[in-house]
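Single-letter residue listing:
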Amino acid sequence: ARMREQGGEPVADLLVTARPLEGVHVPASSAPSMIDEYPILAVAAAYAEGATAMRGIGELRVKESDRVASMTAALVAVGAESDGRPDGLVVHGGGGRRLPGGEVDSAGDHRVAMAMAVAAFPAGGPIAISGWDAVATSYPGFEEEFEKCSS
């Protein structure tokens, strides 16, 4: 991987090989460098084999929404197993089982809405997301890009 900095953030080009996802333990020490990535990590964890435990993410409770509670509720609403903790989140992966889909409330949080949209790709049924307008906060072109990927 070639590491560099872009927009004040470390970035790298990676070569990725497909394999089944496995649950992991994400320690509290990782939280400061990836605090905004936890919603999408929770979605990936729902499709993994085994549990993924994320610690030290209490800061997510005071973002645009209580992201721990919002993601827990959203994942459960679409058929995943997820437990919010005071300073963390545990997602019990279904081992690649397709989530059946359902209706979720993003609580007006753009990252929760986008993460749940991505969860719909491999889902067995549609995922309806309320509070979608919040996505324009951080990624005004997300819907158009998303539609390109899904066609």
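Data block above holds the structure.
Residue numbering note: each chain is counted from 1, following its sequence as written. The predicted nature of this model means local features are confined to residues of pLDDT at least 70 and side-chain atom pairs, given and counted, to a pLDDT of 80 or more, with totals for whole chains, interfaces and linings taken over all residues. Excluding hydrogens and water, the side-chain figures rest on all heavy atoms present in the structure.

A.B. asks: How should the pattern of salt bridges be read in this particular structure?
C.D. replies: Where charged atoms of side chains with opposite charge meet at close range, the side chains can pair. Salt bridges are counted wherever a side-chain nitrogen of Lys or Arg sits within 4 Å of a carboxyl oxygen of Asp or Glu. If you walk through the whole model with that rule in mind, you get eight salt bridges. Here Arg4 and Asp13 are joined by a salt bridge, their closest N and O atoms 3.2 Å apart. Exposure categories follow from relative accessible area, calculated using a 1.4 Å probe and restricted to protein chains: below 20% of the type maximum is buried, above 50% is exposed, and the middle band is partly exposed. Here Arg4 falls in the partly exposed class, since its relative accessible area comes to 29%. Close ionic contact of Asp66 with Arg61 constitutes a salt bridge, the shortest N to O distance being 2.8 Å. What makes Arg61 partly exposed here is its relative accessible area of 27%. Taken together, the salt bridges that share partners define one network made up of Asp36, Arg67, Asp109 and Arg111.

A.B. asks: What exactly am I supposed to notice about the packing of helix H2 (residues 38-46) against helix H3 (residues 67-77) here?
C.D. replies: How two helices pack is summed up by the angle between their axes together with the distance between the axes. In the contact formed by H2 and H3, the axes pass within 10 Å of each other and the chain directions differ by 30 degrees. When the interaxial angle is binned, H2 and H3 end up roughly parallel. Relative to H3, H2 is oriented so that their crossing is right-handed. Of the residues in H3, those touching H2 at Pro39, Ala42, Val43 and Ala46 are Arg67, Met71 and Leu75. Looking at the contact of H2 with H3 residue by residue, the class counts come to six nonpolar, no polar and one charged. Every axis in this analysis is a line fitted to C-alpha atoms, fitted for helices over the stretch in contact. Angles between the N-to-C directions lie between 0 and 180 degrees. Every helix listed is a DSSP run of H or I at least four residues long, and every strand listed is a run of E at least two residues long, numbered separately from the N terminus. Relative orientations are named as follows: roughly parallel for angles under 35 degrees, roughly antiparallel for angles over 145 degrees, roughly perpendicular for angles from 65 to 115 degrees, and oblique for any other angle. Crossings are assigned a handedness: left-handed for a near helix turned anticlockwise from the far helix by less than a right angle, right-handed for a clockwise turn. Pairs of residues are marked as contacts when any of their non-hydrogen atoms sit within 4.5 Å. Amino acid classes used here: Ala, Val, Leu, Ile, Met, Phe, Trp, Tyr, Cys and Pro are nonpolar; Asp, Glu, Lys and Arg are charged; the rest, including Gly, are polar.

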